[in-house]
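# Survey of secondary and tertiary structure
Spelled out, the chains give:
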Amino acid sequence: VNLRCAAMANKPAVVDVEDPLQEQWYLQTAQDLFSLGVPGSTRVEETKAKIQAIAEERNAAALYKLLCERTEMMADGALVKKMEEATAAELKALEEELAKATENEGESEIRAVLYKRARLYMRVMDKPAALAAFDECFAKTVPIGQKLDVVLCKL
C-alpha cells in the first residue's frame, strides 16, 4: 500500500481547467463583437484592436476571420497561417499525449486529454470541432460532475 501511495504522489493531478479565473473570456469577446455591429457605437477601433489581440494571443484564426468579415478589414494571410500552424502543433502534441495515455494510462487520463483537446478547439473558436470533441469526451466520461462540466462547456 505504501509503495502505491508513493507512486501516486509523484504523478501530477488530473486537472480540467488550468486557470478558472480566465475561463469566461469569450463572454466579453462576444459582447465586443456585438458592439462592433451596433450603429453609432463608440470605440470601434479600440474594440477591433482588443479582439484582434485576443485572437492572436489564443491563436483563434476563426475569431480573427470573423472580425475581418464584420469590420470589412483585410485579413492578414500570414497571421492566419501562423495561427493555424500553432493550433495544428498543439493538436499534434495532444494526439501524441492521447496515444501515450491510451497505451499506458487509465480512463481518467484519457478523458483528461480528450477534454484538453475539446478546450483547445473551444479556445480557438472552432465550434464544430469543439462540439464533436466534447461529444467524444462525454462518451468517455464516467463521473456525473465531469459529465456536467462537458455539457456546460457545450452551451
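Since we're looking at a predicted model, the values are computed, not measured.

When its secondary structure is counted, the protein shows eight helices and zero strands. Along the protein, helices (α) and strands (β) appear in the sequence α-α-α-α-α-α-α-α when read from the amino end. Counting the 155 residues in the protein, one finds 32% classified as buried. Of the contacts formed within the protein by residues at least 6 apart in sequence, a portion of 45% connects residues at least 24 apart. For the protein, the accessible surface area stands at approximately 10300 Å², while carbon and sulfur atoms represent 57% of it.

Attention shifts here to the confidence of the model for the protein. In the predicted model, the protein carries a mean pLDDT of 83, and the fraction of residues at 70 or more is 85%. The spread of mean pLDDT over the elements of the protein runs between helix 1 (residues 2-9), the lowest at 47, and helix 5 (residues 77-104), the highest at 93. In the predicted structure, residues 1-9 sits below a pLDDT of 50 and forms zero contacts with residues beyond four places in sequence or in another chain.

Let's shift gears to a nonpolar patch on the surface. A contiguous nonpolar patch, built from F138, L148, V151, L152 and L155 and spanning about 500 Å² of accessible area, is present on the exposed surface. Per element, the largest residue contribution to the nonpolar patch is three residues, and it comes from helix 8 (residues 144-154). For F138, the location among the structural elements is in helix 7 (residues 127-140).

Another aspect to go through is the pattern of salt bridges. Taken as a whole, this structure holds nine salt bridges when the rule is applied. The partner of E85 in a salt bridge is K81, and the shortest N-O contact between them spans 4.0 Å. Of the two residues, E85 and K81 are both situated in helix 5; the distance of four residues between them amounts to about one turn of the helix. For E85, a relative accessible area of 46% corresponds to the partly exposed category.

What follows covers helix 5. In this model helix 5 runs 40 Å from its N-terminal to its C-terminal C-alpha over 28 residues, within 8% of the 40 Å that 1.5 Å per residue would give. Elements that come into contact with the buried residues of helix 5 comprise helix 3 (44-58), helix 4 (61-71) and helix 6 (107-123). Regarding helix 5, its N-cap is D76, as a side-chain oxygen of that residue lies 3.2 Å from the backbone nitrogen of A78 further along.

Conventions used here
- Residues numbered from 1 in each chain as written.
- Predicted model: local features only at pLDDT ≥ 70, side-chain atom pairs only at ≥ 80, totals over all residues.
- Heavy atoms only, no water.
- Helix = DSSP H or I, 4+ residues; strand = E, 2+ residues; numbered from the N terminus.
- Buried < 20%, exposed > 50% of the residue type's maximum accessible area, 1.4 Å probe, protein only.
- Contact = heavy atoms within 4.5 Å.
- Areas by Shrake-Rupley, 256 points an atom, 1.4 Å probe, with all protein chains shown as cover.
- pLDDT = per-residue confidence, 0-100.
- Patch = residues over 30% accessible without salt bridge, like charges linked within 9 Å, V, L, I, M, F, W, Y side chains within 5 Å.
- Salt bridge = Lys/Arg side-chain N within 4 Å of Asp/Glu carboxyl O.
- Expected span 1.5 Å × (residues − 1).
- Polar contact = N/O pair within 3.5 Å; in protein donor to acceptor, adjacent residues only side chain to side chain.

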